[in-house]
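Chain residues, written in single-letter form:
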Amino acid sequence: MKIYFTLLSLLAFQCFSQDSTYILDHNSVAARLMDNGMLFRYDTTGSNAYRVPKDSLTSVIFSASLWIGATDLQGYLHMAAMRFGTGEDFFSGPYSTNNSYNDPVYLQKYDQSIWAVTRAEINFHMANYWTSGYVPAPSIANWPGNGDVSMGVVSNLAPFVDMNSDNVYNPMDGDYPDVRGDEASYIILNDVKGFHTESGGDPLGIEVHIMVSQYASTDFLDSTTFLNTRVFNRGGELYSNVKFGLFMDGDIGYPADDYFGCLPQKDLMYFYNGNNNDGFGSATSYGVNPPAVGVISLSKPMETCGFFSSSSNFPYSDPTTASQYWNFMSAKWANGTPWTYGGLGYPSSTGGSNSPTNFMFDGNPLTGVAWSEVTNNNPMGDRRGIMVMQTTSIFPDEMSCYDMAVIYSRSGGTNLQNVQSLMETADSVKQFYIDQVTYNCNQVTAETKEINESDFSIYPNPSTGNVFIESPIDYDLSIYDFHGRLIQAVSNQSFEKSVELNLTQGVYLFEFETITGKITRKVIITD
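Note that this is a predicted model, so its numbers are computed, not measured.

Draft legend 1. Main features of the pattern of salt bridges. Applying the stated rule across the entire model yields 11 salt bridges. Among the ionic pairs, R180 bridges to D403, the shortest N-O distance being 2.9 Å. Placement of the pair is R180 in the loop between strand 11 (176-177) and strand 12 (183-190) and D403 in strand 24 (residues 399-409), with a sequence separation of 223 residues. Each member of the pair, R180 as well as D403, is classed as buried. D382 serves as the salt-bridge partner of R384, at 3.3 Å between the closest nitrogen and oxygen. Of the two residues, R384 and D382, neither departs from the other in class, the shared state being buried. By sharing partners, the salt bridges in this structure join R83, D249, D318, D382 and R384 into a single network.

This is the structure:
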């Protein structure tokens, strides 16, 4: 974990847990996060956007960011979208109903809006918050569970486990951040503080919460980064045609020898090297057996997926206006002509056709089945992609949620075998997501304590070893020691269950998690 301080962060009271730039590197990936709508962004000072392995100079992503567009009931287009951060469409901090964005109090609290916390910090807090003299870690103490209503911010802001159900985030009551993974960063943005100078679009009046999380593991999770994004409609406008997209400039080491692909049946957009030897031997190139990287949508179907290139001419190059962004999100080129199957996605290209498509290069480059950049023998180059999830509606004061994951593979043996391995990784990540009892998109909320104390009976307590647990509902159980270390975990339990602990004398925390929330009980083991 690395933190970069700006001058303002050194002056701010909460600088120990907030930053405008944060490197999330709890597993083998080092992901550079920002609080301006850029999920990952290359830094001109030399900090790569998404390094894998994290202690190397090699990166697979140059830039990634959000595109959110919608039409209102009058048919007017609203757009907030970023590519490389040359302008601003998103701004740090939550939506303010009284336009307090430049108030010193608002700036002190929210001008830098990335918060980060580890599972170990949470576990330690759970085990020790009631002890005399305990002081929570800054990541726990400064968590933005409640918004400042005097600044026009909603009262329930970042998700937390509310131990006494009073809707007030107070770590000394045992409250703690409700996050995923072994480490998570939480980013809060709005799109109304200023003019949209990146897309030129009109604001939507939204507040965007992004949880970026990682697991330290020995399998596919160790090179995976999860993204949970919630879009709140705070501005009062009804949007019946909302498109949520993820833009990515995937650079596999050396940027000028890459290919692009989509796999709609797996909701996957991916990038890979066009040959089996990336670059020309520099430390920033992968060399032989270059990896593949992709983004998979976990909670909603992928509706469109396509690419454009910086080296192409209009309308096949980067968008510059809100309507051009909207066209790319609607399976069209910048000028409004539809993407077509074959070639480079337009009829006049080699191998092109007049058949419209929502998905470019949806074949398998390893097997040669269907349309891919390999089967079309396209020139290698810099590739930029956009994937859009299922179009939806957002009413005033409602929220739309999106779960995604950035995945990586270099286990295949060649550039094309790594694509096949990436597709298999996509299956593993999707299954992991499905298997999590409370890991659905809408579970991350600011009001998670919905379990009654009476739902769980633990006896005997104190105990000399084994305990019995009675519950009328299914649950997962995690047992932590007094230092917050995970000792034992059991899943999918219900009714009466004897738990053989084999624990030494001491105090332990039993954390029960159900489909409705979490609760923690203290258990004492005696000789």
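Moving on from the coordinates now.
Draft legend 2. Local environment of the pairing of strand 13 (residues 206-214). In terms of burial, strand 13 is a largely internal element, 9 of the 9 residues being buried. Two strands pair when backbone bridges link them, and strand 12 and strand 13 are joined in this way by 8 bridges, in the antiparallel orientation. Directly across from I188, in strand 13, lies its bridge partner H209. Note that strand 13 and strand 14 (residues 225-233) share 9 bridges and pair antiparallel. Each bridged residue has a counterpart across the sheet, and for I206 the counterpart in strand 14 is N233.

Draft legend 3. Structural view of empty space enclosed by the protein. For the structure shown, the criterion picks out 1 cavity of 30 Å³ or more. In this structure, the largest cavity spans a volume of roughly 40 Å³. Lining the largest cavity, in full, are M126, Y129, W130, M163, G174, Y176, L509 and T520. Tallied by class, residues from the lining of the largest cavity come to 6 nonpolar, 2 polar and no charged.

Draft legend 4. Representation of helix 6 (residues 415-435) within the structure. Counted at 1.5 Å a residue, the expected span for helix 6 with its 21 residues is 30 Å, and the 30 Å between its end C-alpha atoms agrees. The complete set of buried residues in helix 6 reads N415, L416, N418, V419, S421, L422, M423, T425, A426, V429, F432 and Y433. Looking at the buried positions of helix 6, the neighbouring elements they touch are strand 14, strand 16 (258-263), strand 17 (268-273), strand 20 (292-297) and strand 24.

Calculation notes
- Residues numbered from 1 in each chain as written.
- Predicted model: local features only at pLDDT ≥ 70, side-chain atom pairs only at ≥ 80, totals over all residues.
- Heavy atoms only, no water.
- Salt bridge = Lys/Arg side-chain N within 4 Å of Asp/Glu carboxyl O.
- Helix = DSSP H or I, 4+ residues; strand = E, 2+ residues; numbered from the N terminus.
- Buried < 20%, exposed > 50% of the residue type's maximum accessible area, 1.4 Å probe, protein only.
- Pairing = 2+ DSSP bridges.
- 1 Å grid on protein atoms, 1.4 Å probe; cavity = no way out; pocket = protein on both sides within 12 Å on 5 of 7 lines; lining within 4 Å.
- Points joined across faces, edges and corners; volume = space filled by probe spheres on them.
- Nonpolar A, V, L, I, M, F, W, Y, C, P; charged D, E, K, R; others polar.
- Expected span 1.5 Å × (residues − 1).
- Contact = heavy atoms within 4.5 Å.

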